[in-house]
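Results of the structural survey
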Amino acid sequence: MSSRQQEGPEWVTRGKTIRQLIQELRSFENQDLEVRLSLDDGDTHAAISLVAKIDDTYCVLMNSASKFALAPAGASDQEPGPSDAWGDLGPRERV
């Protein structure tokens, strides 16, 4: 088996730019569909909570459900403010 077969096809591993992702999303007829994130080919999926720029290298779509798993009831219903969820992200920037 070649190393290329072990790594998977290029379209799986090369990723997408913001421009490519936006172009692909614009192709959907219903622009009001909720966008979700899956790491297992759609078997499970989660809401996109935040979008961040990391080290001027990546745009990262994040799900923050686990960050609020132990929060008091109702706390996860509010979007994080600048002094809470963003305080510990270091070189990341919210966009």
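Preceding this paragraph is the structure being described.
Residues numbered from 1 in each chain as written. Predicted model: local features only at pLDDT ≥ 70, side-chain atom pairs only at ≥ 80, totals over all residues. Heavy atoms only, no water.

A few words now on the overall build of the protein. In terms of regular secondary structure, the protein is built from three helices and five strands. From first element to last, N terminus to C terminus, the protein shows the α and β order α-α-α-β-β-β-β-β. Going through the 95 residues of the protein one by one, you find that 12% of them count as buried. Restricting to contacts in the protein with at least 6 residues of sequence separation, those with at least 24 account for 30%. (Helix = DSSP H or I, 4+ residues; strand = E, 2+ residues; numbered from the N terminus. Buried < 20%, exposed > 50% of the residue type's maximum accessible area, 1.4 Å probe, protein only. Contact = heavy atoms within 4.5 Å.)

A probe as big as a water molecule, rolled over the atoms, marks out the empty space that is left. Of the volumes computed, that of the largest pocket is approximately 1300 Å³. Looking at the largest pocket, it is lined by 31 residues, and the ones nearest its centre are K16, L21, E24, L37 and L61. When residues of the lining of the largest pocket are traced back to their parent elements, those giving at least two are helix 2 (10-13), helix 3 (18-26), strand 1 (36-37) and strand 4 (58-62). Considering every element that reaches the lining of the largest pocket, the biggest residue donor is helix 3, with six residues. Residues that form the lining of the largest pocket fall into these classes: 16 nonpolar, seven polar and eight charged. (1 Å grid on protein atoms, 1.4 Å probe; cavity = no way out; pocket = protein on both sides within 12 Å on 5 of 7 lines; lining within 4 Å. Points joined across faces, edges and corners; volume = space filled by probe spheres on them. Nonpolar A, V, L, I, M, F, W, Y, C, P; charged D, E, K, R; others polar.)

Its identity is not glycine, yet D55 carries a phi of approximately 55°, on the positive side. Looking at the element boundaries, D55 is found in the loop between strand 3 (50-54) and strand 4. The residue D56 is not glycine, and still its phi comes out positive at about 55°.

Here V60 lies in strand 4. Its relative accessible area of 25% is what places V60 among the partly exposed residues. In sequence terms V60 and I48 are 12 residues apart; their C-alpha atoms lie 9.9 Å from each other. Leave out the neighbours within four places in its chain, and V60 touches L50, V51, A52 and I54.

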